[in-house]
Amino acid sequence: MIHKFRNVSAPVKILLWFVIATFVGSIFVVWGIQSGDQRSRGYVIKVNDIEIGPNEFNRTYNQVHQNISALFGNQGDAEINRQIREIVIDNLISKALLLQEAQRRNLRVSDQELFNSIAAIEAFQEEGVFSRTLYRNVLEANKLSPAIFEEMQKESLLVEKIQNQIVAEVRITEDDLQEEFQWQQGRVAFDYIILFPELFADSVETNERVLRAYHETNAKQYETPKSIQISYAFVPYDPQDSSTQETASEVLQSLREAVVQQQKDFATTAEEMEVEFVTSYIFDQNSIPEDLLRETRLIREAFLMSQGRYTNVIRGQDKLYLVKKEQDIPPMVVPYEEIQDQVLADYIQHQSYVIAMDKAESFRGMELFAIAAEVNAQPESTDLISYMDTNGGPGFNEDVMYLAFLTEVGQTAGPAEIINIPFFLQVTEKETPDMELFESLRPLLMEEVRERRRNEMLSDWIVEARSRATINVNQSLFVD
């Protein structure tokens with residue numbers, strides 16, 4: 001049971017964003033929704049009869065992005081931002097399902113409950129007392145009206161209410177507490193062997209036919225990213241002085257009129273007007289020119305626009321820009337002849353992994369040192385380590401430690417996986433905790449087990465609700 005508690009599915013983990021009322025700005029982030037299509041597309045996500053529009057999506061996206069950036073630093077990587085987008089989509093779907101369930105159960109949030117929750121937020125308090133003036137000022141600074149924020153807060157409270165009802169029937173047994181105690185306080189030592197694919201590389205057979213077939217089957221792996229080249233003119237301004245921004249805007253508006261309406265040459269006209277002008281190298285989302293790394297709106301619009309087109313004047317960190325897309329280079333698969341060595345290495349690695357997985361299944365039930373003899377490898381050993389210590393070996397994860405938790409001394413267990421690589425272990429020693437600690441830790445154990453059981457119940461509910469729901473995500477709105 002303990003393992004099931006600790007591996008709740010993603011919807012519950014990300015749902016935490018909805019039980020905490022926060023407020024964020026309305027800045028678009030590079031990998032958000034294409035702003036030009038918002039009015040015509042209607043909704044971003046539709047869950048049964050609830051439609052989630054661009055404004056709510058972008059508010060939530062920015063909230064998650066800012067929280068993750070605060071924890072792990074600025075997140076500018078395209079893949080990371082795509083993962084954030086998926087988190088947001090899952091969040092909003094789960095939220096919609098919970099709100100629909102709350103409506104079905106006739107749950108409500110009273111005006112008093114709403115006021116009490118807002119008044120309790122420290123950001124709206126002066127010397128511990130709610131301040132309406134501060135409340136309005138903080139919302140205004142974050143580009144939120146009281147009506148929008150209060151609706152967001154009411155939904156958060158409603159989600160919290162329905163979650164509490166769903167998990168209200170949690171029951172914890174004495175066995176659950178004992179198991180948790182053993183897990184937290186016990187220690188284990190074991191011998192282990194990892195079936196690294198490299199152990200089987202020499203047995204992989206290759207020829208021109210299979211390599212070409214591998215290249216063709218995995219063409220996406222050898223595809224270059226979408227790339228662009230842009231030219232841009234820019235005029236610096238002082239962010240603290242609005243008059244300098246107005247002057248810079250007038251200059252670039254005049255330049256835009258000359259190149260768009262009068263069809264004058266961009267570079268020549270910029271030079272004549274004594275405006276700084278740059279033509280970039282060809283770049284993709286992972287090789288953005290250093291001078292433009294912080295100009296997320298400029299980069300976003302540059303990737304979205306058509307070749308040969310100009311943007312409107314774009315406000316950057318301390319410069320205004322006018323941008324033209326010079327080249328739009330779509331993804332292309334690199335021909336096999338140009339990357340034969342890479343394809344060979346990839347194929348050997350892939351086939352070695354397949355062999356390792358097949359071997360692992362054939363070794364199931366064998367004693368550890370017999371497995372080691374089969375693959376001509378020497379097992380490694382651990383000292384006594386806590387079950388909760390996932391740093392005690394080369395990538396030990398919770399699945400590995402739980403496997404050791406279940407395995408008796410002298411027994412071999414596996415295969416488990418470490419980063420998708422097969423793993424076997426043989427327990428050599430177990431240290432049980434001092435039971436005198438149990439009663440003193442009972443309240444804490446109860447709290448921790450209850451919280452995980454609640455997460456499990458809520459996760460199961462959401463998975464079931466999603467399986468019955470009609471869900472549509474308008475993927476055409478997103479930029480990759």
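A short tour of the structure in this document, coming up. (Residues numbered from 1 in each chain as written. Predicted model: local features only at pLDDT ≥ 70, side-chain atom pairs only at ≥ 80, totals over all residues. Heavy atoms only, no water.)

**Quick notes on helix α16 (residues 398-406)**
Next up, step 1: Within α16 the residues assigned to the buried category are V400, M401, Y402, A404 and F405.
Next up, step 2: Measuring from the side-chain oxygen of the N-cap residue of α16 to the backbone nitrogen of D399 gives 3.1 Å; that N-cap residue is N397. (Buried < 20%, exposed > 50% of the residue type's maximum accessible area, 1.4 Å probe, protein only. Helix = DSSP H or I, 4+ residues; strand = E, 2+ residues; numbered from the N terminus. Polar contact = N/O pair within 3.5 Å; in protein donor to acceptor, adjacent residues only side chain to side chain.)

**Focus on the environment of L134**
Next up, step 1: Residue placement: L134 occurs in helix α7 (residues 132-141).
Next up, step 2: Counting along the chain gives 10 residues from L134 to F124, while the straight-line C-alpha distance between them is 5.6 Å.
Next up, step 3: With sequence-adjacent residues up to four places away left out, L134 is seen in contact with A123, F124, Q125 and E126. (Contact = heavy atoms within 4.5 Å.)

**Re the packing of helix α10 (residues 208-217) against helix α14 (residues 340-363)**
Next up, step 1: In contact at an axis separation of 10 Å, α10 and α14 are set at 90° when each is read in the N-to-C sense. What the angle tells us is that α10 and α14 run roughly perpendicular. On α14, the residues that touch E208, V210, L211, Y214 and H215 of α10 are Q340, V343, L344, D346, Y347 and H350.
Next up, step 2: Here the residues of the contact of α10 with α14 are counted per class, giving six nonpolar, three polar and two charged. (Axes fitted to C-alpha atoms, helices over the stretch in contact; angles between N-to-C directions. Parallel < 35°, antiparallel > 145°, perpendicular 65-115°, else oblique. Nonpolar A, V, L, I, M, F, W, Y, C, P; charged D, E, K, R; others polar.)

**Notes on helix α11 (residues 242-261)**
Next up, step 1: Spanning 20 residues, α11 covers 27 Å between terminal C-alpha atoms, matching the ideal 28 Å at 1.5 Å per step.
Next up, step 2: Listed in full, the buried residues belonging to α11 are A248, L252, L255, A258 and V259. For α11, the buried positions fall inside an angular range of 110° around the axis, keeping them on one side. Away from the buried face of α11 by more than 90 degrees, exposed residues S242, E250 and Q261 are located.
Next up, step 3: Considering only its buried residues, α11 is in contact with β6 (227-236), α12 (266-272) and β9 (319-329).
Next up, step 4: Following α11 by one or two positions, Q263 has its phi on the positive side, about 55°. (Expected span 1.5 Å × (residues − 1). Arc of directions from axis to C-beta.)

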